[in-house]
Amino acid sequence: EADKRNTSYGLFDQQSGEKHARRMHIARSLETAIEKQQFVLYFQPKMKIKSHTIDSCECLIRWFDDGEFISPAQFIPIAEHSGFILPLGEWILDTAFAQAKAWHEQGLHIRLAINISARQFTQQDFVAGIKERLQRFAVPAELIELEITETAIMDDEEFGISVLQALSTLGISLSIDDFGTGYSSLGYLQRFPVNKLKIDQSFVRNMASDKRDQALVLSICQLAKNLGLDIIAEGVEEHAQLEKLKEYNCDQIQGYLLSRPIPADEFEAFLAKGVSF
Ligand code: C2E
Ligand code: CA
Ligand code: CA
Ligand code: CA
């Protein structure tokens, strides 16, 4: 019995040791990844349910470390922990704004939604950085949307609300990302000057079959409507999910049903082709 326990502890130590080594490797490789030009922004379309038109997209970072793809779900938390998210966040903003400018100049009216991490959002000069980019890239504010988690805003609620207010005054669209997975205290919502709630894919995944997930998604849609907010569902992979969301008066969808996140040139081709259903 004692032997068995020792063995399983040994295995646990080995696994957690490997995890730690992997995290250290990623943290170190991140430091040089910008200069090595290993990051690319991909774009995933968002469709308005009523008109079946694509009016915006989410910017999602991709990292190819000497050809090896490393998921943002893995490296973003590490970058947040190490502080590297700050220079990386600057790269993401510059790249997204440059793309917004290019598409604007091509006459494509597409809003770009940029993910903002908590560490970035709570920087004193965050709003100034956005304002400066609107001018430097000559991009209309209505073409920029920021996706921010409840956790980032609630880190210091008073400061968070003042940042949202300042961004909103600039004319930027604001969405609460991963809605339902964070604080889940609804009282704060009416104090947030935001435009949109984004229902996390964990609620959408089984909603075609699971009655409880349906009830949850419907409640979130009704809540958003009552507060005068738009609502988008992410992770939509099947028509059955879209049908339910239509019934619930959800405004927008995003997910593999439409397209995976794709590079800029493929996104342009996707727009030219239009939605096929
Ligand atoms: P998120 O902001 O919740 O982004 C949605 C994730 O769902 C993306 O994963 C997207 O590729 C994936 N997704 C979209 N449609 C579907 C679908 O139909 N089915 C499934 N199964 N998944 C779908 P991704 O690109 O791996 O990003 C993971 C997370 O990494 C993001 O979650 C976000 O928290 C973070 N992230 C990604 N790019 C950035 C970035 O540029 N900046 C920051 N701060 N975080 C980012
Ligand atoms: Ca997001
Ligand atoms: Ca999410
Ligand atoms: Ca997230």
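Residues numbered from 1 in each chain as written. Chains lettered and ligands numbered in written order. Predicted model: local features only at pLDDT ≥ 70, side-chain atom pairs only at ≥ 80, totals over all residues. Heavy atoms only, no water.

The name an unreviewed UniProt entry assigns to the chain is GGDEF-domain containing protein, from the organism Pseudoalteromonas espejiana.

Enquirer: Got a minute to help me understand the coordination of the calcium ion (ligand 3) in this structure?
Expert: As a benchmark, a tetrahedral metal site with four donors has ideal angles of 109.5 degrees, while an octahedral site with six donors has ideal angles of 90 or 180 degrees. Protein-derived ligands of the calcium ion (ligand 3) are Asp 178 (OD), Asp 200 (OD) and Glu 234 (OE), with the metal-ligand distances lying across 2.1 to 2.3 Å. In this structure, the calcium ion (ligand 3) lies 5.5 Å away from the calcium ion (ligand 2). Taken as a pair, Asp 200 in the loop between strand 7 (196–199) and helix 8 (201–204) and Glu 234 in the loop between strand 8 (230–233) and helix 10 (239–247) lie far apart in primary sequence, 34 residues in all. The class of Asp 200 is buried, set by a relative accessible area of 11%. Residue class for Glu 234 comes out buried when judged on its relative accessible area of 9%. (Donors = N, O, S within 2.8 Å, 3.2 Å for Na, K, Ca; no water. Helix = DSSP H or I, 4+ residues; strand = E, 2+ residues; numbered from the N terminus. Buried < 20%, exposed > 50% of the residue type's maximum accessible area, 1.4 Å probe, protein only.)

Enquirer: Just to check I follow, could you spell out the pattern of salt bridges for this structure?
Expert: If the charged atoms of two oppositely charged side chains come close together, the side chains can form a pair. Tallied over the entire structure, the rule returns 18 salt bridges. Here Asp 94 ties to Arg 136 by a salt bridge, and the two come within 3.3 Å at their closest N and O atoms. Of this pair, Asp 94 sits in helix 3 (residues 85–105) while Arg 136 sits in helix 5 (residues 126–136); the two residues are 42 residues apart in sequence, bridging distant segments of the chain. For Glu 147, the salt bridge is made with Lys 198, and the minimal N-O distance between the two is 2.9 Å. Of this pair, Glu 147 sits in strand 5 (residues 144–149) while Lys 198 sits in strand 7, and the two are 51 residues apart along the sequence. Look at Glu 147 and you get buried, because its relative accessible area is 1%. (Salt bridge = Lys/Arg side-chain N within 4 Å of Asp/Glu carboxyl O.)

Enquirer: Explain the environment of Arg 23 to me, please; I cannot follow it from the model alone.
Expert: Looking at the element boundaries, Arg 23 is found in helix 1 (residues 2–33). The spatial distance from the C-alpha of Arg 23 to the C-alpha of Ala 79 is 10.0 Å, given a sequence separation of 56 residues. Excluding residues within four positions of it along the chain, Arg 23 makes contact with Ile 78 and His 81. (Contact = heavy atoms within 4.5 Å.)

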